[in-house]
Amino acid sequence: MTLTTSPTVTAKTRVLTLLGDPVAHSASPELQNAAFAATGVDGVYVAVRCAGDDLVGFMRGLARAGGGGNVTIPHKEKAASLLDVRSEAVRRTGACNTFWGDARGRVHGDNTDVEGFQRALRVFLEGSAQGIRVLLLGAGGAARAALLGLLQEGAEEVWIYNRTKERARAIARRIGGQKARVVSVVRELEGERFDLVVNATSLGLAEGDASPIDFAMLGRAGAAMDLVYGRHVTPFVRAADAAGIRSTDGLEMLVQQGAASFECWWDVDAPVDRMREVVASR
Ligand code: NAP
């Protein structure tokens, strides 16, 4: 049997929770408890289904008791508004997925989807994203994290295409500045050349979904990074593979955002290889 929880839970053990609705299918408890065990930190991680009205009580109570945790759908924006101390990633994306307390009773928060995306991007590109030209598909929470991550990594230009154009405009305004360009109609993409295409839509969660893009319409796609993951090969990755484009799914970002959260709580390096093993064995 694999040991996935801390060996002993005592009265001193820190409690970290995933707060969201739903949470039952999350990989975070296995991922974090394995990381706690591998590093010997005294913590336990549990998932708690939580209504929006209960979020403030859970976050403040846990943080003041020395704990913290993650926040997931649909509470990331609300969590950002409840913090006392916000990271730059929270301020710029308006979302919080990680929180913890300090000795003065303040609640701190970060959005480690940004750092997680950046680390996964570096692993995938095997180097820097400086100067690259990117097509970003989607305009929800994951797209906001990816857009900020891309700009902070030095991307030269990010074109954003989303089913609902107004949402693409909103994230371009909020985060993108001069380097973001909103694609109004898909035809504008014909013949365009990109170093990287990122799928931040939720298309692909179901194996039978269509790919969010027809790669054949582009002049070039140097690489394709899906933020969606599952037990199946995602339709975006399948389409990229069929077009001979190097690709990856969202599992590395899942690991890396968890690793960045771990580091917020414990201030020690996360055991990334162990976390990869846990995700791969699910
Ligand atoms: P979200 O805020 O609900 O945004 C969903 C996005 O997908 C929107 O841009 C939406 O377009 C688009 N979309 C949904 N259905 C579509 C369809 N049928 N056709 C075209 N576009 C469609 O969700 P999110 O939090 O950004 O998450 C997006 C995906 O990223 C999810 O699959 C999630 O699991 C994944 N994710 C992965 C990680 C990771 O660690 N790997 C982290 C975060 C999220 P509209 O604006 O037009 O509705």
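Only a predicted model underlies this, so the values are computations on that prediction, with no experimental measurement involved.

Conventions and cut-offs
Residues numbered from 1 in each chain as written. Predicted model: local features only at pLDDT ≥ 70, side-chain atom pairs only at ≥ 80, totals over all residues. Heavy atoms only, no water. Helix = DSSP H or I, 4+ residues; strand = E, 2+ residues; numbered from the N terminus. Contact = heavy atoms within 4.5 Å. Pairing = 2+ DSSP bridges. Axes fitted to C-alpha atoms, helices over the stretch in contact; angles between N-to-C directions. Core = buried A, V, L, I, M, F, W, Y, C linked by side-chain atoms within 4.5 Å. Buried < 20%, exposed > 50% of the residue type's maximum accessible area, 1.4 Å probe, protein only. Right-handed = clockwise from strand over helix to strand, strands pointing away.

J.: Any details on the environment of K165? Residues and values, ideally.
T.: For K165, the position within the fold is in helix α7 (residues 165–176). When the C-alpha atoms of K165 and P212 are compared, they prove to be 15 Å apart, with 47 residues separating the residues in sequence. Setting aside residues up to four positions removed in sequence, K165 forms contacts with V182 and S184.

J.: If you had to explain the sheet that holds strand β3 (residues 68–71) to someone new, which residues and values would you point to?
T.: The strand order across the open sheet built from six strands is β2-β1-β3-β5-β6-β4, with neighbouring strands paired in mixed fashion. Looking at strand neighbours, the two that pair on one side only are β2 (43–49) and β4 (85–86), the edges of this open sheet. Here β3 runs beside strand β5 (residues 98–101); their pairing, made up of three bridges, is antiparallel. Following the sheet pairing, G68 is matched in β5 by W100. The strands touched by helix α2 (residues 52–64) within the sheet are β1 (14–20), β2, β3, β5 and β6 (107–110), with β1 carrying the most contacts at an inclination of about 165°.

J.: Go over the nonpolar core, please, and point to the residues and values.
T.: F117, L136, V158, I160, L196 and M225 are the most contacted members of the largest nonpolar core, which totals 34 residues. Only α5 (112–125), β7 (133–137), α6 (141–152), β8 (157–161), α7, β9 (180–182), β11 (196–199) and β13 (223–226) provide two or more residues apiece to this core. For this core, the leading source of residues is α6, giving seven residues. Apart from residues no more than four positions distant in its own chain, L136 is found in contact with A143, A146, L147, V158, W159, I160, Y161, V198 and A200. Core analysis: the next-biggest nonpolar cluster, separate from the first, contains 20 residues, A27, A35, V255 and V272 among them.

J.: Give a detailed account of the pairing of β7, specifying residues and quantitative values.
T.: The element β7 is largely enclosed, with a buried count of four among its five residues. Looking at chain direction, β7 and β8 are connected through five bridges and run parallel. By the bridge assignment, L136 is partnered in β8 with I160. One crossover worth recording links β7 to the parallel β8 by way of α6, and it is right-handed. Across four bridges, β7 lies against β11 in parallel orientation. Bridged to L136 within β11 is V198.

J.: Account for the sheet that holds β11, with residues named and values stated.
T.: Overall, parallel pairing links the six strands, which are arranged β9-β8-β7-β11-β13-β14 in an open sheet. Only two strands of the sheet have a single partner each, and these edge strands are β9 and β14 (246–248). With direction set aside, neighbouring strand axes in the sheet form an average angle of 20°. Strand contacts of α5: β11, β13 and β14, with the helix running at about 145° to β13, the strand carrying the most contacts. Along the sheet face, helix α8 (residues 235–242) touches β7, β11, β13 and β14 and points at about 165° away from the line of β13.

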